[in-house]
Amino acid sequence: MNNPKEVTRILFENFHPQAIHLFYAFGYAAIAVFIYGCYVQIRKYRRGKPDGSWGELLHRFIDMVKTMVTHRTLVRRDKSAGRAHGLIFLGFVLLFIGTSIITLEYDIIEPLIGVRFWYGNFYLWFSLVLDLAGLGLIGGLIYMMYRRKWLHLPKLDYKRVDRQLGDADFDRSEYRLEDWAFLWSFILIGVTGFILEATRLVWLSGRPSVWDYRMWSPVGALIANIMQTIGVTPEGAGALRSGLWWFHGLLSLTFIAFIPYTKIKHIFTAAASLMFKDPLAGRRLPRVPDEQKVAGYKTITDLTWKNLLHLDACTKCGRCQEACPANAVGAPLSPRDVILSLREFANHTLNAKELPKEAELDIHGKDIGQVFMETLWSCRTCLACVEICPVAIEHVPLIVQMRRNLVEAGEMDPLLEKTLQTIHKTGNSFGESKRKRASWVKALPFEIKDARIEAVDYLWFVGDYASFDPRNQKVTQGFARIMQKAGVDFGLLFEGELNAGNDIRRVGEEGLYEYLATANIQSLDDCEFKSIVTTDPHSYNTIRNEYPDFGGTYEIQHYSTVVKKLIEDGRLQLAKKLNYKVTFHDPCHLGRFNKGYDAPRDILKMLGCELIEMGRTKDNSFCCGAGGGRIWIPDPVGTEKPSQNRMKEAAIIEGLEVFVVSCPKDLTMFEDALKTSGYEGKFIVRELIELIDECMEYDFPEKEVFADVLSLEPHLAS
Amino acid sequence: MKILVAVKQVASLDEDFEMRVDKKDVEEDFLLYDLNEWDDFSLEEAMKIKESSDTEIEVVVVSVGPVRVDESLRKCLAKGADRAIRVWDETIEGSDSIVIGRILAAVAKKEVPDMVFAGVQSSDQAYSSTGISTAAYLDWPHAAVVADLQYKPGSSSAVIRRELEGGMLQEVEINCPAVLTIQLGINKPRYASLRGIKQAAAKPIEEISLADIGLSPADVGAGSSMSRVRRMYIPAKSRAQMIEGTIVEQVAKLIQIINEFKGA
Ligand code: SF4
Ligand code: SF4
């Protein structure tokens with residue numbers, strides 16, 4: 001090797017000192033602009049309310065780094081984009097570290113203590129790694145350009161579903177411009193970097209300490225070769241270099257200065273968003289402090305700093321919109337647009353030095369940046385958006401907070417309002433008498449214990465739909481038979497049970513939720529039991545994740561886990577095998593909300609069914625449309641319902657016999673959709689319990705259920 | 001300027017109810033209580049006037065009834081009423097709607113409102129006379145079944161539209177102060193969120209006795225009423241049955257039923 005100290009990168013050779021000073025001046029200016037931009041952003045976040053997501057910072061940090069390094073959230077459901085982003089990310093990080101190392105030596109360590117390290121082998125490896133990083137960066141960027149230009153992905157179309165052609169913020173073409181400006185400037189930085197490297201090589205081709213080691217920067221060497229072939233002389237290269245050097249340098253500095261003002265800021269905001277991720281987001285909604293006058297979010301300053309940070313973290317990737325069931329059926333809702341609207345609103349109002357007047361901070365309404373009430377009411381709180389967002393944006397808590405404010409102002413569908421009043425009055429959404437809650441037990445050939453008066457192993461929290469809906473009552477009776485057959489010691493709260501409140505909370509009626517939750521907790525606390533079991537995923541979610549905030553911490557299991565165990569332990573004998581070809585629909589509140597993907601599938605296998613998965617399954621399951629209180633709000637006529645959309649998806653499965661669900665609301669929604677979407681007769685919808693029930697051989701005598709019911713309700717006509 | 005809104009907590013029947021031992025009413029256990037639907041509209045009408053006026057307007061709700069009525073009054077407070085008054089005395093039990101009107105009139109004399117609103121009727125008893133008798137005791141003009149109201153606070157008259165049979169409306173100018181009984185649909189009542197109701201618990205409900213409004217037990221109760229309930233019961237049901245099937249089957253079934261009825 002030549003003198004290793006000479007094998008290093010030529011930095012400012014041949015530069016006039018004034019030029020160097022000028023460059024430094026630009027550098028400092030860029031940093032100043034960058035810091036000011038960051039300051040404005042942080043001032044904006046600080047104008048939000050406090051948020052509880054602090055604590056366990058180290059743990060959060062490690063988690064964030066893991067997510068970023070593995071890119072696991074980015075490769076989900078879009079491998080190519082994820083990998084391309086990975087290359088850009090890696091390239092950027094390495095080049096950034098590389099540049100920092102140079103600065104560290106040249107501007108800090110060497111002038112201060114006279115030590116150099118950036119030469120010899122270290123320099124050569126450094127050079128190789130950075131060359132490859134640059135190559136990856138450019139490759140990734142080219143793919144992104146290709147994707148934007150030629151793939152025509154609907155999720156990259158920024159046109160808004162909640163605005164009309166002609167509205168000021170309808171097509172959002174400025175976002176498209178920004179995307180392209182970003183891609184082009186980034187790729188230009190990369191390409192000029194390589195050409196610069198090549199010109200340096202050609203220019204110094206006479207100097208062995210440079211030329212002999214050119215293969216350590218292979219891309220530069222290749223370009224240098226090409227340059228030489230086309231006849232570029234060392235002097236020519238030298239001249240080209242100074243021009244290009246300034247172009248590359250200034251472009252890079254501008255890029256850095258622009259970070260806090262453009263989409264590039266997602267480097268920081270996305271990282272921070274990931275770091276403050278709430279694993280229970282949407283599963284456990286935030287409480288409203290008792291002393292707070294008005295519930296929910298009315299103005300932009302009602303948002304917490306974390307909400308405001310989320311707004312800036314969105315990279316507009318559109319994955320949330322693609323997964324959104326409301327969006328899929330043409331409802332005026334895109335979770336991305338909710339985020340972007342509010343982001344524009346926040347930037348408009350909170351970036352200024354002085355906070356505007358209260359009236360100008362209202363986020364509800366029909367103006368630019370405001371969120372429409374129709375948009376908020378379209379959400380089914382299915383969590384598909386939160387699940388897939390690569391940067392951990394939590395749309396659902398935000399949407400519910402805004403709905404809370406709409407509820408307070410009475411701005412909701414009249415039918416929903418009626419339902420809320422009914423629930424307040426009767427404790428259930430059917431408006432039935434409390435006394436009738438357990439009337440389904442009358443048809444059973446055995447008695448069920450009253451958990452309020454005797455201790456039981458399992459307290460069965462039945463839920464409204466399973467208790468009152470006639471079709472679901474049959475399923476409920478089936479589950480009772482199964483539990484009885486397995487000899488499980490279980491009991492009910494009978495009329496002591498109220499609606500669990502899950503959907504009421506998601507509607508945004510927090511006061512009513514608190515009333516229901518505290519009443520149920522009181523009833524549960526008065527009983528003696530080991531675990532709660534339920535067939536209703538909605539009740540399951542709120543009791544499991546939200547009741548603890550109100551002092552009710554219980555063990556609760558979805559029936560699928562309990563039954564699976566009973567079969568495995570041999571306490572439930574399957575008298576026959578079903579060889580149906582089935583598909584399984586993951587209920588949002590069991591699957592995505594609580595990760596109960598496996599137990600129902602395992603049971604289906606034990607029953608002998610052949611399970612064919614639909615395209616959208618498990619964490620990408622497609623909501624039936626009933627969530628978030630939408631079961632009480634009629635869907636607009638003439639448009640497709642999410643449940644019908646789902647039926648279409650199931651119908652693709654060749655020879656499908658049974659569409660299996662495991663949620664009372666699903667049964668109602670899908671049996672209806674089966675008829676209205678025209679697949680009746682092709683396959684049937686069944687609750688998993690019914691299939692289990694079918695495999696049972698019961699020894700208790702069956703009562704004449706139907707005769708009983710009919711004699712009670714003769715067909716009366718007036 | 002003040003508007004007095006008379007409200008009632010009404011009962012609805014629960015499933016499988018039982019009658020009281022004296023057979024004059026349903027056993028209280030089987031009743032579900034809520035604010036009378038009409039009163040949502042009359043309160044909303046008062047609130048609308050309050051909210052659209054530049055002068056200070058006080059909306060006072062009043063109800064005659066036992067402690068349970070507080071829950072309904074709280075709902076009114078949650079919707080924005082400024083004050084709530086509840087009149088009660090054991091001896092009021094059994095009063096008819098005319099006597100209730102007398103009590104309300106006594107409250108009005110004390111409160112001196114510029115307008116009194118009541119619902120057209122209550123959904124449980126449906127006398128449709130409480131508001132009217134209040135007007136009579138006050139000797140004020142009254143209008144029933146008001147479906148539209150144009151009233152400027154402080155003015156000496158208001159223009160109202162009354163709902164008549166057959167979709168007809170009657171436009172009437174009425175001198176104020178007056179008692180109006182408000183019809184459903186006159187406005188869109190606001191929603192009282194549960195948090196609102198809870199927060200309204202902080203606002204006091206004035207409990208007043210008969211003496212406070214210059215009445216005595218002799219003025220109220222079944223004894224002083226002009227009508228008394230004798231019994232409440234479910235009439236024997238006429239049994240109607242839908243006959244299904246083809247024409248021939250239906251005829252056959254019909255003949256069978258006639259024969260059964262004749263005792264053949
Ligand atoms: S929760 Fe579901 S319906 Fe609501 S915005 Fe997200 S994906 Fe759409
Ligand atoms: S909210 Fe998340 S998923 Fe949706 S566009 Fe933004 S970054 Fe993508």
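Our structure is the block above this text.
Bear in mind the structure is a predicted one, so any value in this text is a computation, not a measurement. (Residues numbered from 1 in each chain as written. Chains lettered and ligands numbered in written order. Predicted model: local features only at pLDDT ≥ 70, side-chain atom pairs only at ≥ 80, totals over all residues. Heavy atoms only, no water.)

Across its full length, chain B holds seven helices and eleven strands. When its C-alpha atoms are laid out on the principal axes, chain B stretches across 75 × 40 × 40 Å. Scored against the burial criterion, the 264 residues of chain B give a buried share of 44%. If you take every contact in chain B between residues at least 6 apart in sequence, the share linking residues at least 24 apart comes to 70%. Per element, the accessible surface of chain B, about 14000 Å² overall, is 52% carbon and sulfur. Taking the average location of the 31 positive side-chain charges in chain B and that of its 42 negative ones, the two points are 1 Å from each other. (Helix = DSSP H or I, 4+ residues; strand = E, 2+ residues; numbered from the N terminus. Buried < 20%, exposed > 50% of the residue type's maximum accessible area, 1.4 Å probe, protein only. Contact = heavy atoms within 4.5 Å. Areas by Shrake-Rupley, 256 points an atom, 1.4 Å probe, with all protein chains shown as cover. Lys, Arg positive; Asp, Glu negative; His and termini not counted. Charge placed at Lys NZ, Arg CZ, Asp CG, Glu CD.)

This next bit is on the pairing of strand S8 (residues 157-163) of chain B. Residue and element names in this part refer to chain B. Sheet topology places strand S7 (residues 142-150) next to S8; four bridges connect them, and they run antiparallel. When the bridges of S8 are listed, Val146 appears paired with Arg162. Examined bridge by bridge, S8 and strand S9 (residues 169-175) share seven bridges and lie antiparallel to one another. Pairing of Arg161 across the sheet is with Glu171, part of S9. (Pairing = 2+ DSSP bridges.)

All names here are of chain A. If you walk across this open sheet you meet the five strands as S1-S3-S2-S4-S5, and the pairing is parallel. The outermost strands of the open sheet, each flanked by one partner alone, are strand S1 (449-450) and strand S5 (556-558). Relative to strand S3 (residues 490-492), strand S2 (residues 458-460) runs parallel, the two being bridged by three bridges. Of the residues in S3, the one forming a bridge with Leu459 is Gly491. Packed on one face of the sheet, helix H20 (residues 470-485) meets S2, S3 and strand S4 (531-534) and runs near 170 degrees to S2. Helix-sheet contacts for helix H24 (residues 559-568) involve S2, S4 and S5, and the interaxial angle to S5 is about 80 degrees. (Axes fitted to C-alpha atoms, helices over the stretch in contact; angles between N-to-C directions.)

Moving on to helix H23 (residues 537-546) of chain A. Residues and elements named next belong to chain A. The buried fraction of H23 amounts to nine of the ten residues, a majority that puts the element mostly inside the structure. Residues of H23 that are buried include every one of Pro537, His538, Ser539, Tyr540, Asn541, Thr542, Ile543, Asn545 and Glu546, and no others. Where the residues of H23 are buried, they touch helix H21 (502-507), helix H22 (510-525), S4, S5 and helix H27 (664-676).

To continue, consider the environment of Gln473 of chain A. Residues and elements named next belong to chain A. Considering the arrangement of structural elements, one finds Gln473 in helix H20. In the structure, Gln473 is positioned 446 residues away from Gly27 in sequence and 72 Å away in space, judged by C-alpha atoms. A polar contact is formed between the side chain of Gln473 and the backbone oxygen of Ser467, at a distance of 2.8 Å. (Polar contact = N/O pair within 3.5 Å; in protein donor to acceptor, adjacent residues only side chain to side chain.)

With 30 residues of chain A at the contact, the number on the chain B side is 20 residues. Note on chain A versus chain B: buried area summed over both sides is about 2200 Å², and carbon and sulfur give 49% of it. Taken together, the links from chain A to chain B amount to three salt bridges. Linking Lys188 of chain B and Glu417 of chain A is a salt bridge whose minimum nitrogen-to-oxygen distance equals 3.7 Å. Here chain A is connected to chain B by ten residue pairs in polar contact (both at pLDDT 80 or more). Sorting the residues of the side of chain A that touches chain B by element identifies helix H17 (395-408), helix H18 (414-426) and H22 of chain A as the ones contributing at least two each. Ranked by residue count, the leading element in the side of chain A that touches chain B is H18 of chain A, at six residues. Of the residues contributing to the side of chain A that touches chain B, the split by class is eleven nonpolar, eight polar and eleven charged. (Buried area = accessible area lost by both parts, 1.4 Å probe. Salt bridge = Lys/Arg side-chain N within 4 Å of Asp/Glu carboxyl O. Nonpolar A, V, L, I, M, F, W, Y, C, P; charged D, E, K, R; others polar.)

Right, let's talk about the packing of aromatic side chains for a bit. Residue and element names in this part refer to chain A. Using the criterion set out here, one finds 30 aromatic pairs over all chains in the structure. Relative to Phe186, the ring of Phe92 lies with its centre 5.8 Å away and its plane at 75 degrees, an arrangement referred to as edge-to-face. In this pair, Phe92 sits in helix H4 (residues 79-113) while Phe186 sits in helix H6 (residues 173-203), placing the two residues 94 residues apart along the sequence. Judged by its relative accessible area of 23%, Phe92 is partly exposed. With relative accessibility at 7%, the residue Phe186 sits in the buried group. For the ring pair Tyr143 and Tyr146, a centre distance of 5.9 Å and an interplane angle of 50 degrees mean the geometry is tilted. Of the two residues, Tyr143 and Tyr146 both sit in helix H5 (residues 120-150), three residues apart, roughly one turn of that helix. Given a relative accessible area of 22%, Tyr143 falls into the partly exposed group. For Tyr146, a relative accessible area of 38% translates into the label partly exposed. Connected via pairs of aromatic rings, a cluster forms that spans Phe23, Tyr24, Tyr28, Trp245 and Trp246. (Phe/Tyr/Trp six-rings, centres within 6.5 Å; stacked < 30°, edge-to-face > 60°.)

This next bit is on the environment of Ile142 of chain A. Residues and elements named next belong to chain A. Here Ile142 shows up in helix H5. For Ile142, a relative accessible area of 46% gives the class partly exposed. Sequence-wise, Ile142 and Ser53 are 89 residues apart; in three dimensions their C-alpha atoms are separated by 38 Å.

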